[in-house]
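# Report on the structure
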Amino acid sequence: MSIQAQQTTSGQTRLAFEIGLLLLLSLIWGSSFTLIKIAIPTIPPFTMVAARVTIAAILLVLIALTRGHALPRQGAVWAAFVVQGLLQSALPFTLISWGETHITSGLAGVLNATPPMFVLAIAMTTGRGRQAIGGRTTIGVALGLAGVALTMGVNALSGIGTAAPLAQAAVLVASFCYALAPIWGQRFASLPAVVTAAGAMSCAAALMLPIAAVLDRPWTLAPTKQAIAAVLGLAIVCTALAMVIYFRLIRTLGPLGTTSGSYLRAGFAVALGTTLLGESFTWSMLAGMTLIVMGVIAVTTPMRKP
């Protein structure tokens, strides 16, 4: 085998691994909508998010230190971490959690599948990365959106008219935050993924703890065991583990490729709702998941050079 062929095979293997991580991340974040729905009746949004990001921050800092990584000391880096923590965690987590007090988790999942659209719009508006957006990428985004619509089904989407408009808007604003976050996060490319995740999550915790203490008075709450377990799952799996994968994918797949996982996230959210919440499984769901996978492949696979 020639050197060029070996490099091609190696590149394809690495790409397959990164797309596998994207699938895993989508599954993890897709389950978060179900966990939020379980926790929200007895744990209000601010307290839920504060607990989620604080536990995750502690775990990520411990992991970073255990691996021998020192946290940055530069003030400018921590200022950037504050923005990252706000865009990636504190603000969208709160908006989605509050939104799910008024709309279903499935509807929240489909509304939260729009970050690639925002990334594409930002790139086309600002010119940043415009040359990398070709016809296949645009088609991939369209396939993903069509897949989301099919996955949810006509009956589920008909509920949009009866859901609280502010809750829908809140989830869409969260999607816009998710679109900005990977673009901002590219500035941390020189840092290990776990260090970036630890720094951003620590800042998110610093932002949310005082808000939750003042507004929710969490010491007066009486959460159920299921709600506590759901928050622990959100913190350990859906936040700490997910953030390490997320910041790696920003470097390997780029902002648009990483946010394309939101399509899969919506599909997994519906699938988990089917198995855990008793929602029906239809042919449109199967067809939609197929379109979602096709869209993600179109967005994430690089064009071959002649």
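The structure under discussion appears in the preceding block.
Read on for an overview of the structure.

How each quantity is defined
- Residues numbered from 1 in each chain as written.
- Predicted model: local features only at pLDDT ≥ 70, side-chain atom pairs only at ≥ 80, totals over all residues.
- Heavy atoms only, no water.
- Helix = DSSP H or I, 4+ residues; strand = E, 2+ residues; numbered from the N terminus.
- Contact = heavy atoms within 4.5 Å.
- Areas by Shrake-Rupley, 256 points an atom, 1.4 Å probe, with all protein chains shown as cover.
- Patch = residues over 30% accessible without salt bridge, like charges linked within 9 Å, V, L, I, M, F, W, Y side chains within 5 Å.
- Salt bridge = Lys/Arg side-chain N within 4 Å of Asp/Glu carboxyl O.
- Axes fitted to C-alpha atoms, helices over the stretch in contact; angles between N-to-C directions.
- Parallel < 35°, antiparallel > 145°, perpendicular 65-115°, else oblique.
- Left-handed = near helix turned anticlockwise from the far one by under 90°.
- Nonpolar A, V, L, I, M, F, W, Y, C, P; charged D, E, K, R; others polar.

### Side note on the overall build of the chain
A tally of regular secondary structure across the chain gives twelve helices and zero strands. Along its sequence from the N terminus, the chain presents helices and strands in the succession α-α-α-α-α-α-α-α-α-α-α-α. For the chain, long-range pairs separated by at least 24 residues make up 91% of all intrachain contacts whose partners lie at least 6 apart in sequence. As displayed, the chain offers around 14200 Å² of accessible surface, 70% of which is attributable to carbon and sulfur atoms.

### A closer look at a nonpolar patch on the surface
A grouping of Ile228, Leu232, Ile236, Val237 and Leu241 is seen on the molecular surface, where their side chains present a nonpolar patch of about 390 Å² in accessible area. Along the chain, the position of Ile228 falls in helix 9 (residues 225-252).

### With respect to the packing of helix 3 (residues 75-99) against helix 9
Here helix 3 crosses helix 9 at 140 degrees, and the two axes come no closer than 13 Å. Considering the angle they form, helix 3 stands oblique to helix 9. The chirality of how helix 3 crosses helix 9 is right-handed. Note on element contacts: helix 9 touches helix 3 through Thr239, Met243, Tyr246 and Phe247, opposite Gln84, Gln88, Ser89 and Phe93. A per-class count over the contact of helix 3 with helix 9 returns four nonpolar, four polar and no charged.

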